[in-house]
Amino acid sequence: GGIITQTPKFLIGQEGQKLTLKCQQNFNHDTMYWYRQDSGKGLRLIYYSITENDLQKGDLSEGYDASREKKSSFSLTVTSAQKNEMAVFLCASSIVGSQDTQYFGPGTRLLVL
Amino acid sequence: GDKVKQSPSALSLQEGTNSALRCNFSIAATTVQWFLQNPRGSLMNLFYLVPGTKENGRLKSAFDSKESYSTLHIRDAQLEDSGTYFCAAGRGSALGRLHFGAGTQLIVIP
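Because the structure is a prediction, the values reported are computed rather than measured.

*Asks:* Just to check I follow, could you spell out the overall build of chain A for this structure?
*Replies:* If you tally the helices and strands in chain A, you get 0 helices and 11 strands. Along chain A, from the amino end to the carboxyl end, the secondary structure elements read β-β-β-β-β-β-β-β-β-β-β. A compact globule built from 113 residues should have a C-alpha radius of gyration of about 13 Å, and chain A, at 13 Å, falls within 12% of that. Expressed as lengths along the three principal axes of its C-alpha atoms, the size of chain A is roughly 35 × 25 × 20 Å. In chain A, which comprises 113 residues, the proportion classed as buried is 51%. Within chain A, contacts between residues at least 6 apart in sequence are counted, and of these 55% link residues at least 24 apart. A total of about 5,500 Å² of accessible surface is found on chain A, and carbon and sulfur atoms cover 49% of it.

Below you can see the structure in the form of structure tokens.
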């Protein structure tokens, strides 16, 4: 078995601030993902990475940067936090893309004041 | 338009009854995954499917790639089944991503 950890669990930011969220997995999975979930809504893909140093844009990449520093970690940066923004950011991983079970981390809850 | 449409969007079930959730795909899905998000927000993978069926306890899922749909059947619903169910479609030619539906919010009442 393995685990996905996300830090921090809660993040409070100021309007215009650059904020970084981190994700680590010890499954030894190749592919990692970042999703955004707004209250009561579904998941929207921001970025994903099929291997170390790879980056693929999702449906919601504008306003975000991402970095796959090594196979086990994938970080997401909100380049300029929007006032009153509130969402959960979920990290996930899988062995080989969509052809394998996807596992999720517990999420980072963001609130921008 | 939505590549993955889930129905119903919300559902209330009496404990002990049965129901079915459905996903229709407007993309050429080759795999389907079903997830349950509990009220605390954690997402758990229930099924990974290629065309065919799978069963796990009181849950059974089917995926028909020719007719472009998948179903999740819940038998003898329990209170702990409450949460939001998401389906997600994968395409063999796509590099890695899944397309998620908007979810079905299920409440099981005693």
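Text resumes after the structure shown.
*Asks:* Explain the pattern of salt bridges here, please?
*Replies:* Between side chains of opposite charge, a pair can form when the charged atoms approach closely. Residue and element names in this part refer to chain A. As enumerated under the stated definition, the model contains 6 salt bridges over all chains in all. The partner of Arg 44 in a salt bridge is Asp 38, with the nearest N and O atoms 2.8 Å apart. Here Arg 44 falls in the partly exposed class, since its relative accessible area comes to 39%. Exposure remark for Asp 38: the relative accessible area of 17% places this residue in the buried category. Counted as one network, the salt bridges with shared partners bring together Arg 36, Asp 38, Arg 44 and Glu 85.

*Asks:* Explain the interface of chain A and chain B to me, please; I cannot follow it from the model alone.
*Replies:* One frequent convention defines the size of an interface as the accessible area lost when the parts assemble. Taken residue by residue, the interface counts 19 residues in chain A and 22 residues in chain B. The contact between chain A and chain B buries some 1,700 Å² in all, and 53% of this surface belongs to carbon and sulfur atoms. Seen at the junction of chain A and chain B, the total is 1 salt bridge. In this structure, the salt-bridge partner of A:Asp59 is B:Arg97, at a minimum N-O distance of 2.9 Å. Remark: the boundary between chain A and chain B carries 5 residue pairs in polar contact (both at pLDDT 80 or more). Secondary structure elements with two or more residues in the side of chain A that touches chain B: strand 4 (31–37) and strand 5 (43–49) of chain A. Its residues assigned to classes, the side of chain A that touches chain B comprises 8 nonpolar, 7 polar and 4 charged.

*Asks:* Where do I start with the sheet that holds strand 6 (residues 52–56) of chain B in this structure?
*Replies:* By way of backbone hydrogen bonds, the strands of a sheet pair with one another, either parallel or antiparallel. All names here are of chain B. Spatial strand order, 1-3-8-7-6: 5 strands in an open sheet with antiparallel pairing. The sheet terminates laterally at strand 1 (4–7) and strand 6, the two strands that pair on one side only. Across this sheet, the average inter-strand angle for adjacent strands is 15°, counted without regard to direction. Taken together, the 6 bridges between strand 3 (residues 19–25) and strand 8 (residues 69–74) define a ladder with antiparallel strand orientation. The partner of Leu 21 across the bridge, within strand 8, is Leu 72.

*Asks:* How do you make sense of the sheet that holds strand 8 (residues 73–78) of chain A when you look at a structure like this?
*Replies:* All names here are of chain A. Sheet architecture is open: 4 strands sit in the order 1-3-8-7, paired in antiparallel fashion. Either end of the sheet is taken by a strand with one partner, and the two such strands are strand 1 (4–7) and strand 7 (64–70). Shown here is a sheet whose adjacent strand axes are inclined to one another by a mean of 15°, direction ignored. Sheet analysis places strand 3 (residues 19–25) next to strand 8, joined by 6 bridges and oriented antiparallel. Along strand 8, the bridge assignment pairs Thr 20 with Thr 77.

*Asks:* Would you mind going over unusual backbone geometry with me for this structure?
*Replies:* Comment: phi is negative for the bulk of residues other than glycine, and the bulk of peptide bonds are trans. For the peptide bond that leads from A:Thr7 to A:Pro8, omega is -10°, which places it in the cis range. With respect to the helices and strands, the residue A:Pro8 is situated in the loop between strand 1 and strand 2 (10–13). Cis geometry is adopted by the peptide bond preceding B:Pro8, which originates at B:Ser7 and carries an omega value of -10°. On the secondary structure map, B:Pro8 appears in the loop between strand 1 and strand 2 (10–14). Of note, A:Asn53 is a non-glycine position whose phi angle comes to about 70°, a positive value. The phi torsion at B:Asp76 lies on the positive side, around 55°, for a residue other than glycine. Turning to its location among the elements, B:Asp76 is positioned in the loop between strand 8 and strand 9 (83–90). A residue is classified by how much of its surface remains accessible, and B:Asp76, at 31% relative accessible area, is partly exposed.

How each quantity is defined
Residues numbered from 1 in each chain as written. Chains lettered and ligands numbered in written order. Predicted model: local features only at pLDDT ≥ 70, side-chain atom pairs only at ≥ 80, totals over all residues. Heavy atoms only, no water. Helix = DSSP H or I, 4+ residues; strand = E, 2+ residues; numbered from the N terminus. Rg over C-alpha atoms; globule rule 2.2 N^0.38 Å. Buried < 20%, exposed > 50% of the residue type's maximum accessible area, 1.4 Å probe, protein only. Contact = heavy atoms within 4.5 Å. Areas by Shrake-Rupley, 256 points an atom, 1.4 Å probe, with all protein chains shown as cover. Salt bridge = Lys/Arg side-chain N within 4 Å of Asp/Glu carboxyl O. Buried area = accessible area lost by both parts, 1.4 Å probe. Polar contact = N/O pair within 3.5 Å; in protein donor to acceptor, adjacent residues only side chain to side chain. Nonpolar A, V, L, I, M, F, W, Y, C, P; charged D, E, K, R; others polar. Pairing = 2+ DSSP bridges. Axes fitted to C-alpha atoms, helices over the stretch in contact; angles between N-to-C directions.

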